[in-house]
Amino acid sequence: MDKIMSTPCCHKTSRRWFGFAEWLAPTAILILLPKCPMCLAAYVAALTGVGLSFAGASEFRAALVIVCVAALSYLVTRKTCRVVAKRVRSTSSRAVFSPIKSPENAL
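These figures come from a predicted structure and were not determined experimentally. Counting restarts for each chain, with residues numbered from 1 along the sequence as it is written. Predicted model: local features are reported for residues with pLDDT of at least 70 only, side-chain atom pairs are reported and counted for 80 or more only, and whole-chain, interface and lining totals are derived from all residues. For the side-chain quantities, the full set of heavy atoms in the structure was used; hydrogens and water were omitted.

A few points about helix α3 (residues 37–48)
Link 1 in the chain: Under the DSSP-based scheme used, a helix requires at least four consecutive residues in state H or I and a strand at least two consecutive residues in state E, with every element numbered from the N terminus. Here a helix's expected span is defined as the number of its residues, less one, multiplied by 1.5 Å. When the terminal C-alpha atoms of α3 are compared, their 16 Å separation across 12 residues agrees well with the 16 Å that a helix rising 1.5 Å per residue should span.
Link 2 in the chain: When accessible area is computed with a 1.4 Å probe and restricted to protein chains, residues below 20% of their type maximum are described as buried, those above 50% as exposed, and intermediate ones as partly exposed. For α3, the set of buried residues is P37, L40, A41 and V44. Seen from one end, α3 has its buried residues packed into an arc of 100°, which puts them on one side. Arc, as used here, means the arc of the directions from the helix axis to the C-beta atoms.

Structure follows, in structure tokens:
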């Protein structure tokens, strides 16, 4: 029975890889996104066969930046909340509650 319980779970490994991919996708898009809208239009045309105008490529680039920054902001906020909640749980379980002594009772 102990042998079965001590084997690592495959769900934890897949969850870790998914968590890594969550951070990797928007970060890679922001890193690889060209600054020039015409370069972005050329990449889109080369990869998909769809042609974009300069204005369309500029709007598409701005939308990609906004979506990636929003996704990264969400991930940072979620991670921060989890860390804070974990810290609060760990400190509250160790806390020893004693009655509050008022200045009048201290004498």
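Observations concerning the environment of V69
Link 1 in the chain: Along the chain, V69 falls in helix α4 (residues 54–94).
Link 2 in the chain: By relative accessible area, V69 is classed as partly exposed at 42%.
Link 3 in the chain: Expressed as a C-alpha distance, the spacing of V69 and T27, which sit 42 residues apart in the sequence, is 8.7 Å.

Observations regarding the layout of surface pockets
Link 1 in the chain: Space inside the largest pocket adds up to approximately 450 Å³.
Link 2 in the chain: A 1.4 Å probe that fits but cannot get out identifies a cavity on a 1 Å grid over protein atoms alone, an open set with protein on both sides within 12 Å along at least five of seven lines counts as a pocket, and a residue lines either if it has an atom within 4 Å of a point. The wall of the largest pocket is formed by 14 residues, among which G19, W23, R78, K79 and R82 lie closest to the centre.
Link 3 in the chain: Where the lining of the largest pocket is concerned, the elements lending two or more residues are α2 (10–32) and α4.
Link 4 in the chain: Note that Gly is not counted as nonpolar here; it falls among the polar residues with everything else outside the nonpolar set of Ala, Val, Leu, Ile, Met, Phe, Trp, Tyr, Cys and Pro and the charged set of Asp, Glu, Lys and Arg. Class assignment for the residues of the lining of the largest pocket results in five nonpolar, one polar and eight charged.
Link 5 in the chain: Grid points are joined across faces, edges and corners, and a volume is the space filled by probe spheres set on the points. Roughly 170 Å³ of internal volume is contained in the second largest pocket.
Link 6 in the chain: Lining the second largest pocket are I29, L32, L33, P34, L40, Y43, V44, L47, T48 and L64.
Link 7 in the chain: The set of elements that each furnish at least two residues to the lining of the second largest pocket consists of α2 and α3.
Link 8 in the chain: By residue number, the principal contributor to the lining of the second largest pocket is α3, which donates five residues.

Looking at the confidence of the model for the chain
Link 1 in the chain: Scored from 0 to 100, pLDDT records how confident the predictor is in each individual residue. When pLDDT is averaged along the chain, the result is 82; 75% of the residues meet or exceed 70.
Link 2 in the chain: Mean pLDDT across the elements of the chain ranges from a minimum in helix α1 (residues 2–6), with 53, to a maximum in α3, with 92.

Remarks on the pattern of salt bridges
Link 1 in the chain: Take a side-chain nitrogen of Lys or Arg and a carboxyl oxygen of Asp or Glu: if they are within 4 Å of each other, that pair is a salt bridge. Considering all chains together, one arrives at one salt bridge under this definition.
Link 2 in the chain: The partner of E22 in a salt bridge is R78, with the nearest N and O atoms 2.7 Å apart. Taken together, the residues E22 in helix α2 and R78 in helix α4 connect sequence positions 56 residues apart.
Link 3 in the chain: We classify E22 as partly exposed; its relative accessible area is 23%.

Observations concerning the state of the cysteines
Link 1 in the chain: In plain terms, two cysteine sulfur atoms within 2.5 Å form what is called a disulfide here. The final tally for this structure, using the stated rule, is zero disulfides.
Link 2 in the chain: Of all cysteine sulfurs in the structure, the one in C36 sits closest to C39, which takes part in no disulfide; the separation is 3.8 Å.
Link 3 in the chain: Classification of C39 by relative accessible area gives partly exposed; the value is 35%.

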